[in-house]
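Residue strings, one per chain:
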Amino acid sequence: MTVYAIGTRRTNAELIADCAALGYLRTDDPTFDATYGQGAFWKVWQPSALLAADLHNGERSHRGRWVHAWDFTHLPLSDRSFDAVVFDPPYKLNGTSTGIGASVADAAYGVDTPASWQDRHALILAGITECARVTHRMLLVKCQDQVCSGAVRWQTRILADHAEAEGFRLVDMLHVQGSRPQPAGRRQVHARRDYSTLLVLDRVAAQR
């Protein structure tokens, strides 16, 4: 089996399965999902020990797993207590959500409330700092380079640089292809990035 950086995968679940195939995630290693949502990441592959948290959807049971309502910027967890942490923050940079078209899923992902891209980045960076604190090996961060306020916001670079400042090293990037067209009536001035990215960061690699 060959795992490609970008290929036919269309879902985050396929993305996670490919990370497991590459050894970034391992079946028997304690793993923490700081932004579990509805568990979409774990529909194809999942570790035997998975702790789930999601502040946006509240404390609840989901498919036999308890999901804690924890703020990913202030986690009640010990330093380096997990082998791997997966973090899918609210990385969509948008203004007022219309609830239609590309905005139809905004409420589910917690990005239906207007926020500046600077505020959203500040939140994500705080989350990376906290998620980095609780893992001793792998940190996986989902993001997307996007055009916002007339410029490309290079989230892959910004977030990877921040994680590396926290003691990790970027060892891989895997991409999920999308299917959203260029918004009608909007002049295109940058290449459309119709894919999202999973940053794969390794604390151990940074120490070599």
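Look above for the structure.
Report on the accompanying structure. What you see is a predicted model, and the numbers here were worked out from it, not measured in a lab.

## Some details on the nonpolar core
Then step 1. Phe32, Phe87, Ile128, Leu139 and Val141 are the most contacted members of the largest nonpolar core, which totals 25 residues.
Then step 2. Going through the elements one at a time, β5 (82–87), α2 (117–133), β6 (135–143), α3 (155–165) and β10 (195–202) are the ones with two or more residues in this core.
Then step 3. Sort the elements by how many residues they give to this core and α2 lands first, with four residues.
Then step 4. Leaving out residues up to four positions away in the same chain, phenylalanine 32 has contacts with Leu51, Ala52, Ala53, Trp70, Leu75, Leu77, Phe82, Ala84, Val85, Val86 and Val134.
Then step 5. In terms of nonpolar packing, the next biggest core, distinct from the first, is built from 22 residues, Ala17, Tyr24, Ala52 and Leu174 among them.

## A word on helix α1 (residues 12–21)
Then step 1. Of all ten residues in α1, eight are buried; the element is thus mostly enclosed.
Then step 2. Check the buried side of α1 and you find it contacts β6, β9 (169–177) and β10.
Then step 3. Immediately downstream of α1, the backbone of glycine 23 shows phi near 90°, a positive value.

## Comments concerning the packing of aromatic side chains
Then step 1. As enumerated under the stated definition, the model contains four aromatic pairs in all.
Then step 2. Their ring planes at 45° and their centres at 6.3 Å tell us that phenylalanine 32 and tryptophan 70 sit as a pair that is tilted. With a gap of 38 residues between them, phenylalanine 32 in strand β1 (residues 31–33) and tryptophan 70 in the loop between β4 (65–68) and β5 connect regions that are remote in the sequence. Comparing phenylalanine 32 with tryptophan 70 shows no difference in burial state: the two are buried.

Thresholds applied
- Residues numbered from 1 in each chain as written.
- Predicted model: local features only at pLDDT ≥ 70, side-chain atom pairs only at ≥ 80, totals over all residues.
- Heavy atoms only, no water.
- Core = buried A, V, L, I, M, F, W, Y, C linked by side-chain atoms within 4.5 Å.
- Buried < 20%, exposed > 50% of the residue type's maximum accessible area, 1.4 Å probe, protein only.
- Helix = DSSP H or I, 4+ residues; strand = E, 2+ residues; numbered from the N terminus.
- Contact = heavy atoms within 4.5 Å.
- Phe/Tyr/Trp six-rings, centres within 6.5 Å; stacked < 30°, edge-to-face > 60°.

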